[in-house]
Amino acid sequence: MKLYFAPNSRAVKIAWLLEELGLSYKIEKFNVGDRALRTPEYYKLHPMGRVPVLEDGKITIYESGAIVQYLLARHGEGRLQPQNNDESFPDYLQWLHYAEGSIMQQVNSLVVETILLPPEKKNDVNVARASKLLKIALINVDSRLEDRDYLAINFSGADIMTGHACFAARRLNLDISEMVNLNQYIDRLLSRPALKRAMSL
């Protein structure tokens, strides 16, 4: 397998999953915004010039949530996800998709407005709205973790997807100090050896 990768991007969670599963893989490393991601050759891999992209034999797949589902279905051997008929399966699916559906859109908006755009182009209304919506999304995760360590029953692909989104959100200087469950959860995930290896690539 080959992973097209950049630090501090969604590709980290794919490397994290590969490490958790103990799968052998090679990386093609970029930085976010590299011109090499905007070449005709790379657009054949990802039509928007982004990471991650996973190649597995003749298969090429580039949507991060789809990659997680693919790896668990094809290579997980029953690990890190409940069986379809398990009572926790609906919760697992919901939290697997919560990252992209409820958190990352706001994270992306804040990254653009507060990091990528020059100050004169920053829109304070957009920043305030994205911050409000992101905080609501994170409060929901905090509430879910009131009586559990992980989003489904055990550590799973849902934690790789939504956990990654949570620690991406925490890096944006949003005040989430009152969300004790969420902060403990993020710290719990960051202590995992597989994630440490993925973040060191």
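Look up a bit, the structure's there.
The sections below set out a description of the structure shown in this document. Remember, predicted model here, so these are calculated numbers, not experimental data.

1. Describing the overall build of the chain
A count of helices and strands for the chain gives eight helices and four strands. Going from N to C terminus, the chain has its helices and strands arranged as β-α-β-α-β-β-α-α-α-α-α-α. Compactness check: the chain gives a C-alpha radius of gyration of 17 Å against a globular reference of 17 Å for 201 residues, within 12% of the reference. Along the longest, intermediate and shortest principal axes, the C-alpha atoms of the chain span 45 × 45 × 25 Å. Here the chain, with 201 residues, has 46% of them falling under the buried criterion. For the chain, the proportion of contacts with a sequence separation of at least 24, taken over those separated by at least 6, is 64%. Each charge class in the chain was averaged separately, 25 positive and 24 negative side chains, and the resulting centres sit 6 Å apart.

2. Overview of the environment of lysine 132
Locating lysine 132 in the fold gives a position in helix α5 (residues 124-144). When its relative accessible area of 59% is taken as the criterion, lysine 132 is described as exposed. Considering only alpha carbons, one finds lysine 132 and glutamine 106, 26 residues apart in sequence, at a separation of 9.0 Å.

3. Description of the packing of helix α6 (residues 157-170) against helix α7 (residues 180-190)
As a packed pair, α6 and α7 sit with axes 10 Å apart at the nearest point and diverge in direction by 110°. With respect to each other, α6 and α7 are oriented roughly perpendicular. Seen along the crossing, α6 lies across α7 with a hand that is left-handed. Residues Asp159, Gly163, Cys166, Phe167 and Arg170 of α6 form the contact with α7, whose own contacting residues are Leu182, Asn183, Tyr185, Ile186, Asp187, Leu189 and Leu190.

4. Here we look at the pairing of strand β1 (residues 2-5)
Both β1 and strand β2 (residues 26-29) contribute to a ladder of four bridges, which runs parallel. When the bridges of β2 are listed, tyrosine 4 appears paired with glutamate 28. For the crossover that starts at β1, traverses helix α1 (residues 11-21) and ends in the parallel β2, the hand is right-handed. In this structure, β1 lies alongside strand β3 (residues 53-56), joined through three bridges in antiparallel fashion.

5. Overview of the packing of aromatic side chains
Counting across every chain of the model gives eight aromatic pairs. Consider the rings of tyrosine 4 and phenylalanine 30, whose centres lie 6.4 Å apart with planes at 20°: the pair is stacked. Here the residue tyrosine 4 occupies a position in strand β1, and phenylalanine 30 occupies one in the loop between β2 and α2 (40-45), the gap between them amounting to 26 residues. Summarising the burial analysis for this pair, tyrosine 4 and phenylalanine 30 share the class buried. Look at tryptophan 95 and tyrosine 98: their rings are 4.7 Å apart centre to centre, the planes differ by 50°, and that puts the pair in the tilted class. With tryptophan 95 and tyrosine 98 both in helix α4 (residues 89-116), this residue pair falls three residues apart, about one helical turn. For the pair tryptophan 95 and tyrosine 98, a shared accessibility class is recorded, and that class is buried. Sitting over the ring of tyrosine 150, arginine 188 keeps its end group 6.0 Å from the ring centre. When the ring centre of phenylalanine 155 is taken as origin, the NZ or CZ atom of arginine 192, which lies over that ring, is 3.6 Å away.

Criteria and thresholds
Residues numbered from 1 in each chain as written. Predicted model: local features only at pLDDT ≥ 70, side-chain atom pairs only at ≥ 80, totals over all residues. Heavy atoms only, no water. Helix = DSSP H or I, 4+ residues; strand = E, 2+ residues; numbered from the N terminus. Rg over C-alpha atoms; globule rule 2.2 N^0.38 Å. Buried < 20%, exposed > 50% of the residue type's maximum accessible area, 1.4 Å probe, protein only. Contact = heavy atoms within 4.5 Å. Lys, Arg positive; Asp, Glu negative; His and termini not counted. Charge placed at Lys NZ, Arg CZ, Asp CG, Glu CD. Axes fitted to C-alpha atoms, helices over the stretch in contact; angles between N-to-C directions. Parallel < 35°, antiparallel > 145°, perpendicular 65-115°, else oblique. Left-handed = near helix turned anticlockwise from the far one by under 90°. Pairing = 2+ DSSP bridges. Right-handed = clockwise from strand over helix to strand, strands pointing away. Phe/Tyr/Trp six-rings, centres within 6.5 Å; stacked < 30°, edge-to-face > 60°. Lys NZ or Arg CZ within 6 Å of the ring centre and 35° of its normal.

Function cannot be read off these values alone, since they describe shape.
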